[in-house]
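Structural features, examined
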Amino acid sequence: MPASRLQLYIIGETDALTSFIRIPDRRSVESLVKFTFIHTAVNHPLVDLYVVEAGTDIEEQIPRFFRLTPTGTPINANLNEGDLELYLTVSGEKTVIAGPVALTTAYGDVLEYLSYDNVDPATADLVSIPLP
C-alpha cells in the first residue's frame, strides 16, 4: 500500500524463528486512549497483562488480558485516561515478571507496548514503542 507503514516482528529462538507483519492504527481519536500490546518474550510462553490504576495491588485484581503467547495476535484495546500501571505476570499466577510500568494516559493518546526477553530469564522487559 502506498504511503503506509508496516511493522515486522521476528520472534523466537535462533533456530525456530517466527515472523508476522502488522499494520498499526496510529490515528488519534479524541474520545479514546488506544492501546496495543505485543508479547514477544519467548522465555515466558504464557502471560497475563494487568492494566490497573496506579497504586493498586494486583493480588485482588483480574488481568485485563490473559493467556497471551509470544506468537499470538497483538492486543488492541481502549483504556481509561489517568494514571495507570502495567504488570506482566506468569499466566494464572501473580508472579510479576515485568512491572509496574507507570503510564499516564489522556484521551487522544495512541500507545504501543511490547514485552521482550531480559538477560535474566526470570524477568521480561515491558517497553513503549515510540511512535514516528
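Above: the structure in question.
First, a word on what this report is: a plain description of the structure on this page. A quick note: this is a predicted structure, and the numbers were derived from the prediction, not measured. Positions within a chain are numbered from 1, following the residues in the order the chain's sequence is written. Since the coordinates come from a predicted model, pLDDT governs what is reported: local features require at least 70, and pairs of side-chain atoms require 80 or more to be given and counted, while whole-chain, interface and lining totals use all residues. Side-chain descriptors were evaluated using all non-hydrogen atoms of the structure, hydrogens and water having been removed beforehand.

1. So, the environment of Leu32
Note the threshold: Under the DSSP-based scheme used, a helix requires at least four consecutive residues in state H or I and a strand at least two consecutive residues in state E, with every element numbered from the N terminus. In this scheme, a residue with accessible area under 20% of its type's maximum is buried, one over 50% is exposed, and one in between is partly exposed, where area comes from a 1.4 Å probe on protein chains only. In this description, contact between two residues means that some pair of their heavy atoms is separated by no more than 4.5 Å.
Here Leu32 shows up in the loop between strand E2 (16-22) and strand E3 (33-39). For Leu32, a relative accessible area of 29% corresponds to the partly exposed category. Considering only alpha carbons, one finds Leu32 and Ala77, 45 residues apart in sequence, at a separation of 9.7 Å. Ignoring sequence-local partners within four residues, the contact set of Leu32 consists of Asn78, Ala106, Tyr107, Gly108 and Asp109.

2. A closer look at the nonpolar core
For the record, the criterion: Among the buried residues, those of types Ala, Val, Leu, Ile, Met, Phe, Trp, Tyr and Cys that are joined through side-chain atoms within 4.5 Å form a nonpolar core.
Among the nonpolar cores identified, the biggest contains 23 residues, and Phe35, Phe37, Leu49, Phe65, Leu86, Leu88 and Tyr113 are the most heavily contacted of them. Those elements that place two or more of their residues in this core are E3, strand E4 (47-53), strand E5 (65-68), strand E6 (75-79), strand E7 (82-90), strand E8 (96-105), strand E9 (110-117) and strand E10 (124-128). Ranked by residues supplied to this core, first place goes to E8 with four residues. Setting aside anything within four residues of it in sequence, one finds Phe35 in contact with Leu49, Phe65, Ile75, Asn76, Ala77, Leu79, Leu86, Leu111 and Tyr113.

3. Points about the sheet that holds E6
As a reminder, the rule being used: Think of it this way: DSSP has to see at least two bridges between two strands before they count as a pair. Axis lines are fitted to C-alpha atoms, over the contacting stretch for helices. Their N-to-C directions set the angle, which ranges from 0 to 180 degrees.
Strand order in the open sheet formed by four strands is E6-E3-E9-E10, with mixed pairing between adjacent strands. Every other strand in the sheet has two partners, leaving E6 and E10 as the edge strands with one partner each. The mean angle between the axes of side-by-side strands here comes to 25 degrees, regardless of whether they run parallel or antiparallel. Pairing analysis gives six bridges linking E3 to E9, with the strands arranged parallel. Following the sheet pairing, His39 is matched in E9 by Ser115.

4. A short note on the pairing of E6
In summary, the side chains of a regular strand alternate between the two faces of the sheet. Where burial is concerned, the two faces of E6 differ: the one with Ile75, Ala77 and Leu79 is buried and the one with Asn76 and Asn78 is not. Alignment of E3 against E6, held across five bridges, turns out to be antiparallel. The residue bridging Thr36 from the neighbouring strand is Asn76, located in E6.

5. Some thoughts on the side chain of Thr105
Our working definition: Any N or O atom pair separated by 3.5 Å or less is treated as a polar contact, with the protein-specific requirement of one donor-capable and one acceptor-capable atom, and with residues adjacent in sequence counted only for side-chain atom pairs.
Looking at the element boundaries, Thr105 is found in strand E8. A polar side-chain atom of Thr105 sits 2.8 Å from the main-chain carbonyl oxygen of Asn80.

6. What about unusual backbone geometry?
With the exception of glycine, most residues fall at negative phi, and the peptide bonds are largely trans. The linkage connecting Gly99 with the following residue, Pro100, adopts the cis geometry, with an omega of 5 degrees. Examined against the element boundaries, Pro100 turns out to sit in strand E8. Notably, Arg67 is not glycine yet its phi reads approximately 55 degrees, a positive angle. Looking at the secondary structure, you find Arg67 in strand E5.

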